[in-house]
Amino acid sequence: MAEFVREDIGLLWAFQLFPEEPARPLESESARAWLANPEAEGFVWLHLNLANNAALPWLKSVFELPEAFDEALASGTRSTRIERDEDALVGVVNDISFDFSFEPSDTSTLWLLAAPRLLLTCRRQPLRSLDRLRGAVKNGQSFRSSVDLLAHLMRDQADVLIEVVRQASVRVDDVEDELLADRLQTRRVRLGKLRRMLVRLQRLLAPEPGALFRLLQHPPAWIDELDVQELRQASEEFSVALRDISSLQERIKLLQEEIAAQVAEINNRTLFVLTSVTVLALPVNMVAGMFGMNVGGVPFAEARHGFAIVVGLLVLLTAVLAWRMFKDRD
């Protein structure tokens, strides 16, 4: 299927979609004419590159944008959400090139608007999920409505979360095996990075439950029951992935606590040994200091076996101290 792209106005692609037929690519002027004709069949998917300064002016010239969508673009918000704005759906969706060196700067954000005859998507950086969705459209997959297309995109996002959980679980299993084998190494650092990464991904990829719940409870009148069911199913997939992430975070927390307890026990043992050495050496240091004073009347100074007597007393005193210190220790 050929695509008509107009980079000079920031329009990356445009499709006219039908419930039972393959999509048709549109040029920018054809898309403008379609939007101006309320009797045109199907619905249109427009995808724009906001990095092009001409994209928004062209879009506003062919379509009156809802205020909520304008505010989302202006604020640059990155928190994933899909909410109702009068008779349209406004959403923010995030995509990542996921690896375990993930940083927030690796995230690409998509702003979308779903109306009865239009699905509008805008981005500043390429998104893998959009490329997958475009591939499905180009391969002839049909969609009933703009909401059906949106639900497909949400399911793709849920798949990303599930894959994240799967890979993270493997890493936590490896750390747990090392813990059971009593090999500390750098597990606390690895677990801390993994836990922070999961929190960031959960915040970026998971839709706000309150907005999505309100949308599913009171959808616009033009969304039919089947599309609502598709959205509900996609939200349930997100819920499952989020529960898995929460369980994994709790598991990581328990492992961190166990590792912290082991480290504390090792530190306590080390401190006990150092304290024991200090206490046991105390009699020797005290006696050596007193006998080293250059004053008269030093005990056993003239005795033939004075040194042996002092050493014997020190050994006895040290043994008593050692017995007192270690007798009640498990």
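Conventions we followed
Residues numbered from 1 in each chain as written. Predicted model: local features only at pLDDT ≥ 70, side-chain atom pairs only at ≥ 80, totals over all residues. Heavy atoms only, no water. Helix = DSSP H or I, 4+ residues; strand = E, 2+ residues; numbered from the N terminus. Buried < 20%, exposed > 50% of the residue type's maximum accessible area, 1.4 Å probe, protein only. pLDDT = per-residue confidence, 0-100. Contact = heavy atoms within 4.5 Å. Axes fitted to C-alpha atoms, helices over the stretch in contact; angles between N-to-C directions. Nonpolar A, V, L, I, M, F, W, Y, C, P; charged D, E, K, R; others polar. Parallel < 35°, antiparallel > 145°, perpendicular 65-115°, else oblique. Left-handed = near helix turned anticlockwise from the far one by under 90°. Arc of directions from axis to C-beta. Patch = residues over 30% accessible without salt bridge, like charges linked within 9 Å, V, L, I, M, F, W, Y side chains within 5 Å. Areas by Shrake-Rupley, 256 points an atom, 1.4 Å probe, with all protein chains shown as cover. Salt bridge = Lys/Arg side-chain N within 4 Å of Asp/Glu carboxyl O. Lys, Arg positive; Asp, Glu negative; His and termini not counted. Charge placed at Lys NZ, Arg CZ, Asp CG, Glu CD.

1. Examining the environment of Thr80
Its place among the elements puts Thr80 in the loop between α3 (67-75) and β4 (81-85). Accessibility expressed as a relative area gives 4% for Thr80, which makes it buried. Sequence separation of Thr80 and Asn94 is 14 residues, and the distance between their C-alpha atoms is 6.3 Å.

2. Some points on the confidence of the model for the protein chain
Looking at the protein chain as a whole, its pLDDT mean stands at 79, while 88% of the residues score no less than 70. Within the protein chain, the lowest mean pLDDT, 74, falls on helix α7 (residues 209-217), and the highest, 89, falls on strand β3 (residues 43-49). Note on residues 2-6: pLDDT is under 50 here. Beyond four places in sequence and across chains, it has 15 contacts.

3. A short note on the packing of helix α1 (residues 28-36) against helix α2 (residues 55-62)
Direction vectors running N to C along α1 and α2 enclose 35°, while the axes themselves pass 10 Å from each other. Every residue of α2 that contacts α1 at Ser28, Arg32 and Leu35 is listed here: Trp58, Ser61 and Val62. Here the contact of α1 with α2 is built from residues that sort into 3 nonpolar, 2 polar and 1 charged.

4. Considering the packing of helix α4 (residues 128-138) against helix α5 (residues 146-180)
It is the contact of α4 with α5, at a shortest axis distance of 10 Å, that shows an interaxial angle of 130°. By the angle between their axes, α4 is oblique relative to α5. Pair α4 / α5 crosses with right-handed handedness. Along its contact with α4, which presents Ser129, Leu130, Arg132, Leu133 and Val137, the element α5 presents Leu149, His152, Leu153, Asp156, Gln157 and Val160. A breakdown of the residues in the contact of α4 with α5 according to their chemical character gives 6 nonpolar, 3 polar and 2 charged.

5. With respect to α2
Within α2 the residues assigned to the buried category are Ala55, Trp58, Leu59 and Val62. The arc that holds the buried residues of α2, viewed along the axis, is 100°, so those residues lie on one side.

6. Observations concerning unusual backbone geometry
A negative phi angle characterises most non-glycine residues, just as the trans form characterises most peptide bonds. Within the chain, Glu86 stands out as a residue other than glycine whose phi angle is a positive 55°. Mapped onto the elements, Glu86 comes out in the loop between β4 and β5 (88-96).

7. Describing a negative patch on the surface
Taken together, Glu67, Glu71, Glu86 and Asp87 make up a surface patch of like negative charges. On the secondary structure map, Asp87 appears in the loop between β4 and β5.

8. Notes on the pattern of salt bridges
What the rule picks out here adds up to 9 salt bridges. Arg155 is paired through a salt bridge with Glu230; the nearest N and O atoms lie 2.7 Å apart. Placement of the pair is Arg155 in helix α5 and Glu230 in helix α8 (residues 225-291), with a sequence separation of 75 residues. Its relative accessible area of 19% is what places Arg155 among the buried residues. For Glu230, a relative accessible area of 17% puts it in the buried group. Residues Arg269 and Glu265 are paired through a salt bridge, measuring 2.7 Å at the closest nitrogen-oxygen approach. With Arg269 and Glu265 both in helix α8 and 4 residues apart, the pair spans about one turn of that helix. Note on Arg269: relative accessible area 47%, which makes it partly exposed. Relative accessible area serves as the criterion here: at 40%, Glu265 is assigned to the partly exposed category.

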